Amino acid sequence: MSFIGTYTEHFQSYRHDVSEKARQYACGLMQAGSRKNMDRMAEVVPESKSRNLQQFLTHSKWNHRDVIDHVAQDADRLLGDERNACFLIDESGFAKQGKMSVGVSRQWLGRLGKVDNGQVAVFGALANGQYVAPVDVRLYLPEKWANDRERCKRACVPEDERKFRTKIELALEMVRHAREKGLRYGWVGADAGYGKGPGFCLALEEMGETLVVDVHSDFHVYLKDPKPYLPEKAGNSGRPFTKYQSDQKSIEVLDLVNSLPARSWKTMTLRKTTRGVLRVRICRLKVYVWDGETQRVSCWDLIVTKSLGSNPDMKISLTNAPEGTHLKRLGWMQRQRYWVERAFEDAKSECGMADYQVRKWSAWHHHMALVMMAMLFMLSERIHHKEAYPLLSCSD
């Protein structure tokens, strides 16, 4: 696999050359059966041994960040586009038993749809049309982990990582890093987990990013500028007011959507899907967003799409896309998140993303870096053969 050979520089700069073990591990991720642990890899990859692969993942000193950044640069050459590509934020949970694996805790695991014991990571993916490549990852450390220095030490968490950061903070770190590395994309997208409050969207706008972020149905917006102000004191005594107020009433977005007349909606075809075309009813409404803490108010578009078909769904998003952006394009941008969900299904079913058996910080990140490398190889093959084999899948 000549593709993997382009990454050998990252595995040769230390006392031991581990590039062959990296090749074996990456090949194992793509060739082992439904359960891609190291025993299964050793069965299908010639001259590999389960114990040696475990030692490579846990004890070798190569830098996972260098490999991930290399993947990101190669993905940008394949998919980067300042108009039609996007940088998508998506988190993924990994059910794990025990208490020793780094970051493991009882927390919400989206794939299981419940709170359970496991690890959660926030990923950044570069997407262009139906093609998606994971290009960054941050492991989420719950507060009780970040505040337990002895536990972090046992899991070999680096000193500068032993601090609590919210998933939103991790996501913003990845957006900044993507721009620093020169990745080309037109907007940042995320699901409602990151749009549950205005903070993430406001931070993206402050960074100069175009955003298309889903919000929950109970998210509050204003139909008129709330014009926040600090009340004046009635007299000379007492402290001055520090909490901003508004005379405007906010409204939940679901109530707003339900109140819209039929003429507000248009029916459009957004794109092709694996099951035909995606047809939606779509509307756009100018709204004001205020965090309730400062004087800052943002005037954005609320984009709502309702899919048509046997299993309809509704998505509500906020966007600061430039004035004059066509409604159909806004709907297309909103619905691009579908492809990153498909990409993570492939990562778990075809590249063993969730099949790791490691406990320590570096081993977890080594695994994820190699999964991203394997995913990029599969993507490059699909793009290379798209004319001859347009339906080529990861498993193919």
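Just above, that's the structure.
Source: prediction; values computed, not measured.

## Considering the side chain of lysine 348
Part 1 of the argument: Here lysine 348 lies in helix α12 (residues 337-350).
Part 2 of the argument: No salt bridge is formed by the buried lysine 348, whose closest oppositely charged neighbour, aspartate 90, lies at an N-O distance of 8.2 Å.
Part 3 of the argument: For lysine 348, the side chain forms a polar contact with the main-chain oxygen of glycine 93, separated by 3.1 Å.
Part 4 of the argument: Those residues within four positions of lysine 348 in sequence are excluded, and the remaining contacts are Ser92, Gly93, Phe94, Arg111, Met353 and Ala354.

## Thoughts on the environment of phenylalanine 87
Part 1 of the argument: Here phenylalanine 87 shows up in strand β1 (residues 85-95).
Part 2 of the argument: Residue phenylalanine 87 is classed as buried on the basis of its relative accessible area of 0%.
Part 3 of the argument: Considering only alpha carbons, one finds phenylalanine 87 and tyrosine 185, 98 residues apart in sequence, at a separation of 6.3 Å.
Part 4 of the argument: Discounting chain neighbours no more than four positions away, the residues touching phenylalanine 87 are Gly124, Ala125, Val135, Met174, Val175, Ala178, Leu183, Tyr185, Trp187, Val188 and Gly189.

## Some points on empty space enclosed by the protein
Part 1 of the argument: This model, assessed by the stated rule, comprises 2 cavities of 30 Å³ or more.
Part 2 of the argument: Taken as a whole, the largest cavity spans an internal volume of roughly 50 Å³.
Part 3 of the argument: Listed by contribution, the elements that provide at least two residues to the lining of the largest cavity are α5 (64-79), β4 (131-139) and α8 (167-180).
Part 4 of the argument: Considered class by class, the residues forming the lining of the largest cavity number 6 nonpolar, 1 polar and 4 charged.
Part 5 of the argument: Space inside the second largest cavity adds up to approximately 40 Å³.
Part 6 of the argument: What lines the second largest cavity is Leu139, Tyr140, Leu141, Glu161, Lys163, Phe164, Arg165 and Leu170.
Part 7 of the argument: Split by residue class, the lining of the second largest cavity holds 5 nonpolar, no polar and 3 charged.

## Looking at the packing of α8 against helix α9 (residues 199-206)
Each pair of packed helices can be described by the angle between their axes along with the distance between the axes.
Part 1 of the argument: Running from N to C, α8 and α9 point in directions that differ by 20 degrees, and their axes come no closer than 11 Å. In this view, α8 runs roughly parallel relative to α9, as classed from their interaxial angle. Note that α8 runs across α9; the crossing there is right-handed. Residues Ile168, Ala171, Leu172 and Val175 of α8 lie in contact with α9, whose contacting residues are Phe200, Ala203 and Leu204.

## Notes on helix α4 (residues 50-59)
Part 1 of the argument: All of the buried residues along α4 are Leu53, Phe56, Leu57 and Thr58.
Part 2 of the argument: In this structure, the buried side of α4 is in contact with α2 (19-31), α3 (38-44) and α13 (361-384).

## A word on the pattern of salt bridges
Part 1 of the argument: Going through the model one piece at a time under the given rule, you end up with 26 salt bridges.
Part 2 of the argument: Taking the shortest distance from any N to any O, the salt bridge between arginine 162 and glutamate 159 comes out at 3.4 Å.
Part 3 of the argument: A relative accessible area of 15% places arginine 162 in the buried class.
Part 4 of the argument: Judged by its relative accessible area of 54%, glutamate 159 is exposed.
Part 5 of the argument: As a salt-bridge pair, arginine 296 and glutamate 206 come within 3.0 Å of each other at their nearest N and O atoms. Here arginine 296 is found in the loop between β10 (276-290) and β11 (297-307), whereas its partner glutamate 206 is found in helix α9, with 90 residues between them in sequence.
Part 6 of the argument: Arginine 296 sits in the partly exposed class, given a relative accessible area of 28%.
Part 7 of the argument: With a relative accessible area of 65%, glutamate 206 lands in the exposed category.

## Here we look at the packing of aromatic side chains
Part 1 of the argument: Evaluated as defined, the whole model comprises 12 aromatic pairs.
Part 2 of the argument: Consider the rings of tyrosine 222 and tryptophan 290, whose centres lie 6.1 Å apart with planes at 55 degrees: the pair is tilted. In this pair, tyrosine 222 sits in the loop between β7 (220-221) and β8 (251-252) while tryptophan 290 sits in strand β10, placing the two residues 68 residues apart along the sequence. The residues tyrosine 222 and tryptophan 290 share a single accessibility class, namely buried.
Part 3 of the argument: Sitting over the ring of tyrosine 356, lysine 96 keeps its end group 3.9 Å from the ring centre.
Part 4 of the argument: In this arrangement the basic side chain of lysine 167 is found over the ring face of tyrosine 140, its NZ or CZ atom lying 5.0 Å from the centre.

## Comments concerning unusual backbone geometry
Part 1 of the argument: Even without a glycine there, the phi angle at cysteine 156 is positive, about 60 degrees.
Part 2 of the argument: Mapped onto the fold, cysteine 156 is located in the loop between α7 (149-154) and α8.
Part 3 of the argument: Although it is not a glycine, lysine 227 adopts a positive phi angle of roughly 40 degrees.
Part 4 of the argument: Of note, lysine 227 is situated in the loop between β7 and β8.
Part 5 of the argument: For lysine 227, a relative accessible area of 62% corresponds to the exposed category.

## Some points on α2
Part 1 of the argument: Compared with an ideal rise of 1.5 Å per residue, which puts 13 residues at 18 Å, α2 spans 18 Å between its outermost C-alpha atoms and is within 8% of the ideal.
Part 2 of the argument: Looking at α2, one finds that the buried residues are Ser19, Ala22, Gln24, Tyr25, Ala26, Cys27, Gly28, Leu29 and Met30.

## Concerning the state of the cysteines
Part 1 of the argument: Taken as a whole, this structure holds 0 disulfides when the rule is applied.
Part 2 of the argument: In this structure cysteine 201 is not part of a disulfide, and its nearest cysteine sulfur, from cysteine 299, lies 14 Å away.
Part 3 of the argument: Given the relative accessible area of 1%, cysteine 201 is considered buried.

Rules behind the numbers
Residues numbered from 1 in each chain as written. Predicted model: local features only at pLDDT ≥ 70, side-chain atom pairs only at ≥ 80, totals over all residues. Heavy atoms only, no water. Helix = DSSP H or I, 4+ residues; strand = E, 2+ residues; numbered from the N terminus. Buried < 20%, exposed > 50% of the residue type's maximum accessible area, 1.4 Å probe, protein only. Lys, Arg positive; Asp, Glu negative; His and termini not counted. Salt bridge = Lys/Arg side-chain N within 4 Å of Asp/Glu carboxyl O. Polar contact = N/O pair within 3.5 Å; in protein donor to acceptor, adjacent residues only side chain to side chain. Contact = heavy atoms within 4.5 Å. 1 Å grid on protein atoms, 1.4 Å probe; cavity = no way out; pocket = protein on both sides within 12 Å on 5 of 7 lines; lining within 4 Å. Points joined across faces, edges and corners; volume = space filled by probe spheres on them. Nonpolar A, V, L, I, M, F, W, Y, C, P; charged D, E, K, R; others polar. Axes fitted to C-alpha atoms, helices over the stretch in contact; angles between N-to-C directions. Parallel < 35°, antiparallel > 145°, perpendicular 65-115°, else oblique. Left-handed = near helix turned anticlockwise from the far one by under 90°. Phe/Tyr/Trp six-rings, centres within 6.5 Å; stacked < 30°, edge-to-face > 60°. Lys NZ or Arg CZ within 6 Å of the ring centre and 35° of its normal. Expected span 1.5 Å × (residues − 1). Disulfide = S-S within 2.5 Å.

Keep in mind these values describe shape, not function.
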